[in-house]
Amino acid sequence: MSKHTSITEFLKQHLQGEHAISLNAMLSDVIDSCKKIAVAIDKGAIAGNMGSLVSENVQGEVQKALDVIADEIFITCNQQSGYVAGMLSEEIDDIIEIAETHKKNGQYILLFDPLDGSSNVNVNISVGTIFSILKSTNKNPTLADFLQPGTSQICAGYALYGTSAMLVLTTGNGVNGFTLDTDANEFYLTHPNMQIAVNTQEFAINMSNYRFWHEPVQRYIDECLQGAEGDRKKDFNMRWVASMVAEVHRILVRGGIFMYPIDTKTKNGQPSSGKLRLMYEANPMSFIVEQAGGAASTGLLRILEVQPSALHQRVPVMMGSKSEVDRLVAYHSRTRSSKS
Ligand code: AHG
Ligand code: MN
Ligand code: MN
């Protein structure tokens, strides 16, 4: 018997209010999907799962990339509860409609990135799954039902497939982390009430984009790099896993700030609006970060208050220790007011 509380027991004890029954059922499906994805990741190359594209092996069998496998697992498992009325996946352009037979109680929308950091798969570095749950106004959700700001989320979480598999969750009442015991095939509460340190000396950003950033981000990073000899009067450390889930998890455990800012690169002739997607990357992670005492901003706006205008829209992301996010926001507002 584990001395830790199982996630099943924890949810039974802690879910309260109008969504308690439905969330319990939906989270049970999310938990199952994450366990199955963890197994697919563990098998890796042995199961022929490592490709970055859907391809055929020498026997002519279809080999699927892990992000396709993870997507299929998530879509299939999360129709079981009957509460999910519509889904949105990073891997699929349109809204995923749910068959009437699977919508017994369907009043919720599930948004997800089935495999975050998938460029890390072939090099055997941590990846994750991110999800967010919204309430729908009807059983056949329209685009407007999906385009709700992050403040409307009733639950968000991520699975990290790292040195151990973990599930980290919030339902708006703090953040709790659970570790998968692969013998028992159960997640156990190992990280209760996770809190982000207010101050930090660690930042995460893809430095190769430095020349494309706007001035406030360049200034922030310059000051970190100047360390004890500069205005910040302390040395900083840097990490970049290229997997947002791993990055945010590290920040929940030991503080820090994660940034994927807007840059001056263009894509298809369009100016960049950041890399990360609002609905299933930035919003759920911002909900978790805020619930753990941190902050999350685009530099100009609180991420959770951004009104979405498209399902797969991108936003600049700065999240983590509150004092560092506040500093970045101040640098952005100074630039804005000096221009006006
Ligand atoms: P995904 O694998 O779901 O497309 O997301 C990858 C994201 C994010 O997890 C990570 O922080 C970032 O892309 C890495 O970007 P770079 O390759 O530009 O470093
Ligand atoms: Mn992602
Ligand atoms: Mn992904």
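Our subject in this report is the structure included herewith. (Residues numbered from 1 in each chain as written. Chains lettered and ligands numbered in written order. Predicted model: local features only at pLDDT ≥ 70, side-chain atom pairs only at ≥ 80, totals over all residues. Heavy atoms only, no water.)

**Notes on the overall build of the protein**
The condition that has to hold: The secondary structure listing takes helices from DSSP runs of H or I that are at least 4 residues long and strands from runs of E that are at least 2 residues long, numbered from the N terminus. In this setup the radius of gyration rests on C-alpha atoms only. A globule is expected at 2.2 Å times the number of residues raised to 0.38. Any two residues whose heavy atoms approach within 4.5 Å are treated as being in contact. By the counting scheme adopted, Arg and Lys are positive, Glu and Asp are negative, and His together with the chain ends is not counted. Charged side chains are reduced to one point each, which is NZ for Lys, CZ for Arg, CG for Asp and CD for Glu.
A count of helical and extended segments in the protein gives eight helices and 19 strands. Its C-alpha radius of gyration of 20 Å places the protein within 12% of the 20 Å reference for a compact globule of 340 residues. By its C-alpha atoms, the protein is 60 × 55 × 50 Å across when sized along the principal axes. Within the protein, counting contacts between residues at least 6 apart in sequence, those at least 24 apart form 64% of the total. The centroid of the 29 positive side-chain charges in the protein is displaced by 5 Å from the centroid of its 36 negative side-chain charges.

**Remarks on unusual backbone geometry**
For the record, the criterion: We call a residue buried when its accessible area falls under 20% of the maximum for its residue type, exposed when it is over 50%, and partly exposed in between, using a 1.4 Å probe and counting protein chains only.
One non-glycine residue with positive phi stands out, namely K233, at about 55°. Along the chain, K233 falls in the loop between α5 (215-226) and β12 (237-238). Its relative accessible area of 65% is what places K233 among the exposed residues.

**As for the sheet that holds strand β11 (residues 202-204)**
What counts is decided by this rule: The criterion for strand pairing is that DSSP finds at least two bridges linking the strands in question. Between N-to-C directions, angles span 0 to 180 degrees; the directions come from axes that are lines fitted to C-alpha atoms, helices contributing only their stretch in contact.
Strand order in the open sheet formed by five strands is β12-β11-β13-β19-β17, with mixed pairing between adjacent strands. Of all the strands in the sheet, just β12 and β17 (295-297) have a single pairing partner and so form its edges. Alignment of β11 against β12, held across two bridges, turns out to be parallel. What sits directly across from E202, in β12, is N237. Packed on one face of the sheet, helix α6 (residues 244-254) meets β11, β13 (257-260) and β19 (317-320) and runs near 30° to β19. Helix α7 (residues 278-291) rests against β17 and β19 of the sheet, and its axis sits at about 25° to β19.

**Re the coordination of the manganese ion (ligand 3)**
Under the convention used in this document: The rule for donors is simple: N, O or S, within 2.8 Å of the metal, or within 3.2 Å if the metal is Na, K or Ca. Water isn't counted, so a site may look like it is missing partners.
Taken together, E90 (OE), D113 (OD) and L115 (O) make up the protein donors of the manganese ion (ligand 3), found 2.0 to 2.3 Å from the metal. Between the two metals, the manganese ion (ligand 3) and the manganese ion (ligand 2), the spacing is 3.7 Å, and D113 donates to both. The same class applies to D113 and to L115, which are both buried.

**Things to note about the coordination of the manganese ion (ligand 2)**
The manganese ion (ligand 2) binds to the protein through D113 (OD), D116 (OD) and E281 (OE); the donor distances cover 1.8 to 2.2 Å. Of note, the donors binding the manganese ion (ligand 2) are all from one chain and are spaced D-x2-D-x164-E.

**Observations concerning the environment of S89**
Convention followed: For this analysis, a polar contact is any N or O atom pair within 3.5 Å, provided that within protein one partner can donate a hydrogen and the other can accept it, and provided that sequence-adjacent residues contribute only side-chain to side-chain pairs.
Its location among the elements puts S89 in strand β3 (residues 84-89). A sequence separation of 23 residues divides S89 from F112, and the C-alpha atoms of the two residues are 5.0 Å apart. Polar contacts involving the side chain of S89 include one to the side chain of D71, which spans 2.6 Å.

**With respect to the pattern of salt bridges**
Quick note on the threshold: In what follows, salt bridge is the name for a side-chain nitrogen of Lys or Arg lying within 4 Å of a carboxyl oxygen of Asp or Glu.
Under the definition given, this model contains eleven salt bridges. Across the pair R302 and E305 runs a salt bridge whose closest N-O atoms are separated by 2.8 Å. Several salt bridges converge on common partners, so that one network encompasses E202, E247, R250 and R254.

**Things to note about the environment of G256**
Relative to the assigned elements, G256 resides in the loop between α6 and β13. Residue G256 is classed as buried on the basis of its relative accessible area, which comes to 2%. C-alpha of G256 to C-alpha of L300: the two residues are 44 residues apart in sequence and 20 Å apart in space. Here G256 is in contact with T200, E202, I251, M319, G320 and S321, once residues within four sequence places are set aside.

**Some thoughts on the site of ligand 1**
Here is the rule: Residues are classed as near a molecule or strand on a simple rule: at least one heavy atom within 4 Å of it. Note on areas: these come from Shrake-Rupley sampling with a 1.4 Å probe, and a residue is covered only by the protein chains present in the view. Polar here means any residue outside two lists: the nonpolar Ala, Val, Leu, Ile, Met, Phe, Trp, Tyr, Cys and Pro, and the charged Asp, Glu, Lys and Arg; Gly therefore counts as polar.
Around ligand 1 sit 16 residues, and of these D116, G117, S118, M244 and Y260 come closest. Between an oxygen atom of ligand 1 and a side-chain N or O atom of D113, the distance comes to 3.0 Å. Contact distances for ligand 1 include 2.9 Å between an oxygen atom and a backbone N or O atom of S118. Contact with the protein chains covers 82% of the free accessible surface of ligand 1, which is 480 Å². Listed by contribution, the elements that provide at least two residues to the shell around ligand 1 are β5 (108-116) and β13. Take the shell around ligand 1: its biggest share by element is three residues, from β5. Among the residues forming the shell around ligand 1, the class breakdown is seven nonpolar, four polar and five charged.

**What to know about the packing of aromatic side chains**
Operational definition: Only centres within 6.5 Å qualify two rings of Phe, Tyr or Trp (six-membered ring in Trp) as a pair; their planes then separate them into stacked at under 30 degrees, edge-to-face at over 60, and tilted for everything else. Each ring is checked for a lysine NZ or an arginine CZ that lies within 6 Å of its centre and within 35 degrees of its normal; such an atom marks a charge sitting over the ring.
Enumeration according to the criterion identifies seven aromatic pairs in this entry. Arranged with centres 5.1 Å apart and planes meeting at 75°, the rings of F10 and F178 form a pair that is edge-to-face. Of this pair, F10 sits in helix α1 (residues 7-14) while F178 sits in strand β9 (residues 175-181), placing them 168 residues apart in sequence. By the burial criterion, F10 is buried, and F178 matches it. Here the aromatic rings of W240 and Y260 are separated by 5.9 Å at their centres, their planes lie at 55°, and the arrangement is tilted. Of this pair, W240 sits in the loop between β12 and α6 while Y260 sits in strand β13; the two residues are 20 residues apart in sequence, bridging distant segments of the chain. With relative accessibility at 12%, the residue Y260 sits in the buried group. Members of the aromatic cluster, each reached through a chain of ring pairs, are W240, F258 and Y260. Sitting over the ring of Y108, K135 keeps its end group 5.5 Å from the ring centre.

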